[in-house]
Amino acid sequence: MNLLFIGDVVGKGGREAVKRLVPELRREFNCSFVVVNAENSAAGNGITGSVASDLLKCADVLTLGDHTWDQKGFDAEIRNLDRIIRPANYSKRQPGRGVGVFRNPASGEVAVISLVGKVFMKDSAYDPFETVDEVLAALPPAVNTILVDFHAEATSEKEAMGYYLDGRVTAVIGTHTHVQTADGCVLPGGTAYLSDAGMVGAARSVLGREVDAVLHKFTTGMPVRFPVEENGPIRLCGAVVGYDSATGRAKSITAISREVTL
Ligand SMILES: [Fe+2]
Ligand SMILES: [Fe+2]
């Protein structure tokens, strides 16, 4: 059994690339379940209800991150979106939910959990390690296929989470840095791990933003907006996790990176 995970989708170009490539990738890698991190899918910042509905035409579940609440009104919209998962270690007083159990069309169920890191992150999130223990303890025992999107900056915190959850979940895949890492592996206990899946955004950009704007910031220190780079080819990054549906243990993880001109 295989599932496909796609990293942070940035803006309209990112969304169009997902819609173009995900159906092909589903067939190519025989993936029955697709999870997409959509925290930058609405103009680079957050998500809206209509953007979510659009992406959910080709994804089974969307995860979010530190940009969850960037779009005005999404706090109301998320209440009606049962296939969107926001970070579990945000306050329980926030709308939405941090874990969901979904039917895998091929076989069984898949639990999807979103967590944000604390190292070098601005949010006042709760401890992701404590939170994930609580979330896992509350899952129905029959659910053995569990995907964790750990949305964090520091590779140390991500690797630590991988080992913390090794043998308890199917995969820990990092998001947020927008740069794919080359450290995909199956840990000793049977958990697939990748520090960062990468993004779906302009191939010639800085994390999906216009190069000149980011350079202006770094070279002058002046405040500047960072427009989403909407020109040129889009690079789509993610990972395919192969697993045993009887045990939920991972067999393989393959990072993928494709470039498409829309
Ligand atoms: Fe992001
Ligand atoms: Fe992020």
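### Examining a nonpolar patch on the surface
Piece 1. Together, Val179, Val206, Leu207, Val211 and Leu215 line one region of the surface with nonpolar side chains, adding up to about 360 Å² of accessible area.
Piece 2. Looking at the secondary structure, you find Val179 in the loop between β8 (171-175) and β9 (185-186).
Piece 3. Assessed through its relative accessible area of 47%, Val179 is described here as partly exposed.

### A look at the coordination of the iron ion (ligand 1)
Piece 1. Here the iron ion (ligand 1) is held by Asp8 (OD), Glu39 (OE), Asn40 (OD1) and His178 (NE2), and the distances to it run 2.0 to 2.2 Å.
Piece 2. Coordination geometry of the iron ion (ligand 1): the four donor atoms subtend angles of 87 to 172° at the metal centre, consistent with an arrangement described as irregular.
Piece 3. Between the iron ion (ligand 1) and the iron ion (ligand 2) the interatomic distance comes to 3.4 Å, and Glu39 is a ligand of both metals. Of this pair, Asp8 sits in the loop between β1 (2-6) and α1 (11-28) while Glu39 is found in the loop between β2 (31-37) and α2 (49-55), placing the two residues 31 residues apart along the sequence.
Piece 4. Residue classification places Asp8 among the buried positions, given a relative accessible area of 0%.

### Regarding unusual backbone geometry
Piece 1. Positive phi is not limited to glycine here, since Phe120 has a value of about 60°.
Piece 2. Note on placement: Phe120 falls in the loop between β6 (109-116) and α4 (128-138).
Piece 3. According to the relative accessible area criterion, Phe120 is exposed, its value standing at 70%.
Piece 4. The phi angle at Leu207 is positive, at roughly 60°, despite the residue not being glycine.
Piece 5. Classification of Leu207 by relative accessible area gives partly exposed; the value is 40%.

### So, the pairing of strand β5 (residues 99-103)
Piece 1. Alternating positions in β5 separate cleanly, Gly100 and Phe102 being buried on one face and Val99, Val101 and Arg103 remaining unburied on the opposite face.
Piece 2. The sheet contact formed by β5 and β6 spans five bridges and is antiparallel. For Arg103, the partnering residue across the bridge sits in β6 and is Glu109.

### Looking at the state of the cysteines
Piece 1. A full pass over the atoms with the stated rule returns zero disulfides.
Piece 2. Of all cysteine sulfurs, the one in Cys31 lies closest to Cys58, which takes part in no disulfide; the gap is 13 Å.
Piece 3. Look at Cys58 and you get buried, because its relative accessible area is 9%.
Piece 4. Cys237 provides the cysteine sulfur closest to Cys185, a residue in no disulfide bond, and the two sulfurs are 18 Å apart.
Piece 5. Residue Cys185 is classed as partly exposed on the basis of its relative accessible area, which comes to 30%.

### Concerning the sheet that holds β5
Piece 1. The strand order β5-β6-β7-β8-β10-β9 describes an open sheet built from six strands, whose pairing is mixed. Both edges of this open sheet fall to β5 and β9, since each of them pairs with a single strand only.
Piece 2. α4 rests against β5, β6 and β7 (146-151) of the sheet, and its axis sits at about 160° to β6.
Piece 3. Running over the sheet, helix α5 (residues 155-165) touches β6, β7, β8 and β10 (192-194) and is turned about 165° from β8.

What counts and how
- Residues numbered from 1 in each chain as written.
- Chains lettered and ligands numbered in written order.
- Predicted model: local features only at pLDDT ≥ 70, side-chain atom pairs only at ≥ 80, totals over all residues.
- Heavy atoms only, no water.
- Patch = residues over 30% accessible without salt bridge, like charges linked within 9 Å, V, L, I, M, F, W, Y side chains within 5 Å.
- Areas by Shrake-Rupley, 256 points an atom, 1.4 Å probe, with all protein chains shown as cover.
- Salt bridge = Lys/Arg side-chain N within 4 Å of Asp/Glu carboxyl O.
- Helix = DSSP H or I, 4+ residues; strand = E, 2+ residues; numbered from the N terminus.
- Buried < 20%, exposed > 50% of the residue type's maximum accessible area, 1.4 Å probe, protein only.
- Donors = N, O, S within 2.8 Å, 3.2 Å for Na, K, Ca; no water.
- Tetrahedral: all angles 85-135°; square planar, octahedral: opposite > 155°, others 65-115°.
- Pairing = 2+ DSSP bridges.
- Disulfide = S-S within 2.5 Å.
- Contact = heavy atoms within 4.5 Å.
- Axes fitted to C-alpha atoms, helices over the stretch in contact; angles between N-to-C directions.

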